[in-house]
Amino acid sequence: MKGFKPSAPFLLLLPAIIVLAAVVVVPLLLSLYSSFTPFRLTKPETFFVFIGFRNYLSILANTDFWWAFGRTVLLLTIALNLEMLLGLGLAMLVEKATRGQRILRTLMMFPMMFSPILVGFQFKFMFNDNIGLVNNALQSLGITSDAIPWLIEGHLAFIAISVAEIWSSTAIFAILILAGLLAMPKEPIEAARVDGCTPWQTFRYVTWPFVMPFAYIAMTIRSLDVARAYDIVKIMTDGGPAGRTELLWTLVARTAYSDGRMGMANAMAYFSILLSIAFTVYFFNKLAAARTQIGAEW
Amino acid sequence: MDDNSSARLKRRLLGVVYRIGLFLVMLTICLPGLWIVLSSLRPTVEIMAKPPVWIPQEISFDAYVAMFSGIGKGGIPVIEYFRNSLIISVTSTAIAVAIGMAGGYAFARYRFRGKSGVFLGLMLTRTVPGIALSLPLFFLYVRLGIIDTHFGLILAYVALNVPFTIWLIDGFFHQVPKDLAEAAQIDGCTRWQAFWQVEFPLAGPGIASAAIFAFLTCWNEFALASQLTRSVSAKTLPVGLLDYTAEFTIDWRGMCALAVVMIIPALTLTYIVQRHLVGGLTSGAVKG
């Protein structure tokens, strides 16, 4: 039994490793290779032409790409920070409730049940300039008399997309932070109050350090699929108007499937993969640090 | 006396402000969804009306009837999409959970070198954006002839779900005390028996919620499905929803109805698992 033990976890993990190798790792190696070729879907023979870093060099010189890249990072920064803040606020609001907390918690999770594609559709409908709820409400309340072109003007479309993104993902933060708040022992808070801390000090030095690991769990989960913003953008604006809401992911899809330039698209895809990995590793490290800080075993 | 009553007034005022704030927040969260449900029941004329009609004049299920009888605007084959979604999601969930249980058990019960590294490695495969992964998969699937098939999508979804399933199930096995299985082994169970008769039933609800979470991921996935499926024989509901927008005149009511059809299974399932899900994700954050 003892001699067998070291290899048991390996055997147990083997199926997972095989599947992931077959469906993720090997295809990614293939796409890494093809990012060094001028591969086009319409010309299969180009798959075997090696052109070195030429795809990457032309991407670096491509302003459309850099705009999309910058916009993606901007969207993620705005969305993740606001989601965190709103989630924290929401969690504290629900935690305060004396009655009906179960119902409130269920309602709070409501947006989580929506797939990104549905969130996109829903906000496409609500932000529609002609029949959308937002414009109808604004006009009926007399705040504005014109139809605001939410999804037609570049900056407004970016705002609309951010709203959709934040609406859909705040719930994850709220739920996990609420779990942290509920798991927290009450004595330290009371002790802090007795010692004369202001509510802000109590929150900053007692509550927040305790809740932080939970917030990082939410961040890590969230960073695992930041790319689902693709679904939302795809259905809301499809990168338009005139590429003003083009994100890295929609650009990759357009280059690959509409233009058929697979080699180039794979090179771009590698930027998006590295971006995702950077986000995940960053938050994973924060999570690990927060865990060791409170003395939990991984 | 005066201090007392003013303090009481202040407290009551704060209470009212709090309630109003809570109500507004919850309204913001629920309104978009409710609006979709309402719109799916209203006639198109009312949705398009200018100035807007706020109070629905007539409610009907016409959109649903039209959708399922296959004569909906644009003739979207909803029933086929629904069937594809169901087959693909259920099969890939079952496989992902089986693999995830083995992996999660390994993480929860064994200490081995590079554990944290392996875990991070598994998670990193999950970070690859669907659209980036779809490029090589599209190419490979065309070569292997499994593009636009259930099998191709199931395979992709298993890989998509395995890392997160392992994370969740690891958390649930962590909550089952090690001593229980050891006691069973001392009483003469083999490790295999101890797992199925002691640890599995205890972690069961957690594993069920991991399964439901995996199911929802498949049910909702769009980026991969939109590129790896082409025809009615394999398209899933999220891809079907986009069919509606591709037309020149958008049938808002029909889309709303399809959205409701998509959300109902998700809603029911999420409601069932919500408690376990949070427990599984946060296990180890405080207790280890």
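Residues numbered from 1 in each chain as written. Chains lettered and ligands numbered in written order. Predicted model: local features only at pLDDT ≥ 70, side-chain atom pairs only at ≥ 80, totals over all residues.

A. Broad picture of unusual backbone geometry. The phi angle at B:D148 is positive, at roughly 60°, despite the residue not being glycine. Checked against the element boundaries, B:D148 lands in the loop between α6 (130-144) and α7 (150-175). (Helix = DSSP H or I, 4+ residues; strand = E, 2+ residues; numbered from the N terminus.)

B. Region of interest: α7(B). All names here are of chain B. If you check α7, its first and last C-alpha atoms are 36 Å apart, about what 26 residues at 1.5 Å a residue would give, namely 38 Å. Its maximal kink placed at V162, α7 deviates by approximately 35°, while the proline P163 follows within four residues. When you tally the buried positions in α7, you get 23 out of 26 residues, the bulk of the element. (Expected span 1.5 Å × (residues − 1). Bend = angle between axes of the 7 residues up to and from the residue. Buried ≥ 20, exposed ≤ 12 C-beta atoms within 10 Å, placed from the backbone.)

C. Quick look at the domain arrangement of chain B. Residue and element names in this part refer to chain B. Along its sequence, chain B is carved into domain 1 (2-60) and domain 2 (68-282). Here the C-alpha centre of domain 2 lies 34 Å away from the C-alpha centre of domain 1. Each side of the interface is counted separately: domain 1 has seven residues, and domain 2 has six residues. Elements represented by at least two residues in the side of domain 1 that touches domain 2 include exactly α1 (2-41) and α2 (44-48). (Domains from an automatic or database assignment. Contact = placed C-beta atoms within 7 Å.)

D. Up close: the interface of chain A and chain B. Contacts between the two partners involve 73 residues from chain A, matched on the other side by 72 residues from chain B. Among the elements that make up the side of chain A that touches chain B, the one with the highest residue count is helix α1 (residues 8-34) of chain A (14 residues). The residue makeup of the side of chain A that touches chain B, split by class, is 59 nonpolar, 10 polar and four charged. (Nonpolar A, V, L, I, M, F, W, Y, C, P; charged D, E, K, R; others polar.)

E. Inspection of the nonpolar core at higher detail. Within the largest apolar cluster, 161 residues are counted, with the highest numbers of intra-cluster contacts made by A:I177, A:A218, A:V252, A:M268, B:A156, B:A159 and B:A259. If we ignore the near neighbours within four places in the chain, the residues touching A:V252 are A:A265, A:M268, A:A269, A:S272, B:I131 and B:A132. (Core = buried A, V, L, I, M, F, W, Y, C linked by C-beta atoms within 7 Å.)

F. Representation of helix α5 (residues 116-126) of chain A within the structure. In terms of burial, α5(A) is largely enclosed, as 11 of its 11 residues are buried. Taken residue by residue, α5(A) has A:P116, A:I117, A:L118, A:V119, A:G120, A:F121, A:Q122, A:F123, A:K124, A:F125 and A:M126 as its buried positions.

G. Structural context of the packing of helix α4 (residues 78-109) of chain B against helix α9 (residues 191-220) of chain B. All names here are of chain B. At their nearest, the axes of α4 and α9 sit 8 Å apart, and the two run at 140° to each other. In this view, α4 runs oblique relative to α9, as classed from their interaxial angle. Seen from above, α4 lies across α9 with right-handed handedness. In this structure, α4 contributes S85, I88, S89, S92, T93, A96, V97, G100 and M101 to the contact, and α9 contributes I207, A210, A211, A214, F215, C218 and W219. (Axes fitted to C-alpha atoms, helices over the stretch in contact; angles between N-to-C directions. Parallel < 35°, antiparallel > 145°, perpendicular 65-115°, else oblique. Left-handed = near helix turned anticlockwise from the far one by under 90°.)

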